[in-house]
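Take a look at the letters that make up each chain.
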Amino acid sequence: GLFAADLLRRIGWKVMVCERSASDLAGRGAAISSHDALTPILHGIGIAFDHSNAIETSANICIDKRGRITHRLQIAPPRLATAWGRLYRPLKHALPPDCYRPGLQLVRVEPAPAGVAAVFGDGTRIEADLLVAADGTQSTVRGQFLPDAQPRYAGYVCWRFVVPECDLDPEFRIAIAPDFSFFLAEGQMLHGFLIPGL
């Protein structure tokens, strides 16, 4: 949603981001990965972002339960791994404060003379030419227009957590860095990679 708003503003659109949460979302995620194409897009928005903000990775590795690498697959182009807050905060701050409205719970979308109207739980109604719905897995917009599209269990649980680098065994840290690491067990997946500090 923030990417769409920032990019639309750059080409002259008037934008309004309506966020369900009333709190800052920088702490909602731990890490995010992307490709090198991310850098020129951020520069186009006016955000200074370089490889000091991310860790470049060029291989996926699979680790067994003893911590040994069993498979290695080179990936191209390399991927960039960074902390969620290092993307979220600059994207949010690139918008003028009057373009960002936190704490608005979308109830429904309906036609409007100018195009579309977003109706919120507090009675706020915003009309626009275009609505970009970036409201997650429990999307109000998807529920309204595609009610049969429901999340389904993929057959496994992916564990996500952050461990300070100083808590890793030094030999293990050297063995896995800077690759994307996978540990696969029945019904579970651990996916690990290094990220810069928040």
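Residues numbered from 1 in each chain as written. Predicted model: local features only at pLDDT ≥ 70, side-chain atom pairs only at ≥ 80, totals over all residues. Heavy atoms only, no water.

Okay, the sheet that holds strand β7 (residues 115–120) next. What the three strands build is an open sheet, ordered β6-β7-β8; its pairing is antiparallel. If you trace the sheet from one side to the other, it starts and ends with β6 (106–112) and β8 (125–128), each paired once. Between one strand and the next, the sheet's axes are offset by a mean angle of 20 degrees, whatever the strand orientation. Pairing of β7 with β8 involves four bridges; the strand directions are antiparallel. Bridge pairing links Val119 to Arg125 in β8. (Pairing = 2+ DSSP bridges. Helix = DSSP H or I, 4+ residues; strand = E, 2+ residues; numbered from the N terminus. Axes fitted to C-alpha atoms, helices over the stretch in contact; angles between N-to-C directions.)

Checked against the element boundaries, Val116 lands in strand β7. Sequence spacing of Val116 and Phe161 is 45 residues, and the spatial spacing of their C-alpha atoms is 39 Å. The contact partners of Val116, leaving out residues within four places of it in the chain, are Val109, Glu110, Ile126, Glu127, Ala128, Asp129, Leu130 and Leu131. (Contact = heavy atoms within 4.5 Å.)

Turning next to the sheet that holds strand β2 (residues 31–35). Spatially, β2-β4-β3-β10-β11-β9 is the arrangement adopted by the six strands of the open sheet, whose pairing is mixed. Two strands bound the open sheet, and with one partner strand each, they are β2 and β9 (157–159). Taking the axes of each pair of neighbouring strands and ignoring which way they run, one obtains an average angle of 35 degrees across the sheet. Here strand β10 (residues 180–185) runs beside strand β11 (residues 188–192); their pairing, made up of five bridges, is antiparallel.

Once that is clear, we can look at the confidence of the model for the protein chain. Here the protein chain averages 89 in pLDDT, while 98% of its residues score no lower than 70. Taken element by element, the predicted model of the protein chain shows its lowest mean pLDDT in helix α5 (residues 170–176) (81) and its highest in β7 (96). (pLDDT = per-residue confidence, 0-100.)

A few words on a nonpolar patch on the surface. Where nonpolar side chains cluster on the molecular surface, the patch consists of Tyr153, Tyr156, Val157, Trp159, Phe161 and Val163 and spans about 650 Å² of accessible area. Taking the relative accessible area as the measure of exposure, Val157 reaches 37% and is therefore partly exposed. (Patch = residues over 30% accessible without salt bridge, like charges linked within 9 Å, V, L, I, M, F, W, Y side chains within 5 Å. Areas by Shrake-Rupley, 256 points an atom, 1.4 Å probe, with all protein chains shown as cover. Salt bridge = Lys/Arg side-chain N within 4 Å of Asp/Glu carboxyl O. Buried < 20%, exposed > 50% of the residue type's maximum accessible area, 1.4 Å probe, protein only.)

The next point concerns the environment of Arg142. With respect to the helices and strands, Arg142 occurs in helix α4 (residues 140–145). Among the residues examined, Arg142 registers a relative accessible area of 35% and is labelled partly exposed.

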